[in-house]
Amino acid sequence: MADSDINKKTVLIADDDTKNRKLFRVALQSYGYKTIEAEDGKQCVKLAKETLPDLILMDIQMPVMDGITALKTLIADPATSKIPVIAVTSYAMKGDRERFLAKGFVDYIPKPIDIKKFKEVIGKYI
Ligand SMILES: [Mg+2]
């Protein structure tokens, strides 16, 4: 890690889609955040415990462990239960937002993301 990275806030990006991860990585780094990446929910939980990121962006549909199960696992562990987790998913049905918030996500960003709104939402939690 470069010295200039020490004071940066870290966002953990959990998404099985390489293009999505790249899009989030490029955007988040341009805002001055450090990023780490997980390809599935299980890897996300492992990395969250190891690195205690300041924020997690969680895709819902992922192989090995989906985003809902990963969130439940994070909430069940006192070490990771306080990390804010935002659901980022292409579900776009009425009531999605309420459904995700009820599960314990702090917010919900629908895909495809509106980049201006994306920055705004991230900024609320980090
Ligand atoms: Mg996915």
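In case you missed it, the structure is sitting above this.
Just so it is clear, the structure is predicted and the values come from calculations on it, not from any experiment.

Those residues of helix H2 (residues 41-51) that sit buried are Gly-41, Cys-44, Val-45 and Ala-48. For H2, the buried positions fall inside an angular range of 100 degrees around the axis, keeping them on one side. Opposite the buried face of H2, by more than 90 degrees, sit the exposed residues Glu-50 and Thr-51. Those residues of H2 that are buried are in contact with strand E1 (10-14), strand E2 (34-38), strand E3 (55-58) and helix H3 (67-76). Within two residues after H2, Leu-52 carries a phi angle of roughly 40 degrees, on the positive side.

Now for the environment of Ile-115. The topology assignment puts Ile-115 in helix H5 (residues 115-125). Here Ile-115 falls in the exposed class, since 11 other C-beta atoms lie within 10 Å of it. A C-alpha to C-alpha distance of 8.0 Å links Ile-115 and Ala-27, two positions 88 residues apart in sequence.

Three or more residues of H3 are buried, namely Gly-67, Ala-70, Leu-71 and Leu-74. Projected down its long axis, H3 carries its buried residues within an arc of 100 degrees, all on one side. On its buried face, H3 sits against E1, H2, E3, strand E4 (85-89) and helix H4 (96-103).

A few words now on the nonpolar core. Where a protein is soluble and globular, its nonpolar side chains tend to be buried together. Ranked by internal contacts, the top residues of the largest apolar core, which has 27 residues, are Leu-12, Ala-14, Cys-44, Ile-56, Leu-57, Met-58 and Ile-86. Within the residue set of this core, elements represented by two or more residues are E1, helix H1 (18-30), H2, E3, H3 and E4. Those residues in contact with Ala-14 that sit more than four places away from it in its chain are Ala-38, Gly-41, Cys-44, Ile-56, Leu-57, Met-58, Asp-59, Met-62, Gly-67 and Ala-70.

For the rest of this paragraph, the subject is the environment of Lys-8. Along the chain, Lys-8 turns up in the segment before E1. Given 15 C-beta atoms within 10 Å, Lys-8 falls into the partly exposed group. When the C-alpha atoms of Lys-8 and Tyr-31 are compared, they prove to be 10 Å apart, with 23 residues separating the residues in sequence. Once you skip the residues sitting within four places of it in the chain, Lys-8 turns out to touch Gly-32, Tyr-33 and Lys-34.

Conventions we followed
Residues numbered from 1 in each chain as written. Predicted model: local features only at pLDDT ≥ 70, side-chain atom pairs only at ≥ 80, totals over all residues. Buried ≥ 20, exposed ≤ 12 C-beta atoms within 10 Å, placed from the backbone. Helix = DSSP H or I, 4+ residues; strand = E, 2+ residues; numbered from the N terminus. Arc of directions from axis to C-beta. Contact = placed C-beta atoms within 7 Å. Core = buried A, V, L, I, M, F, W, Y, C linked by C-beta atoms within 7 Å.

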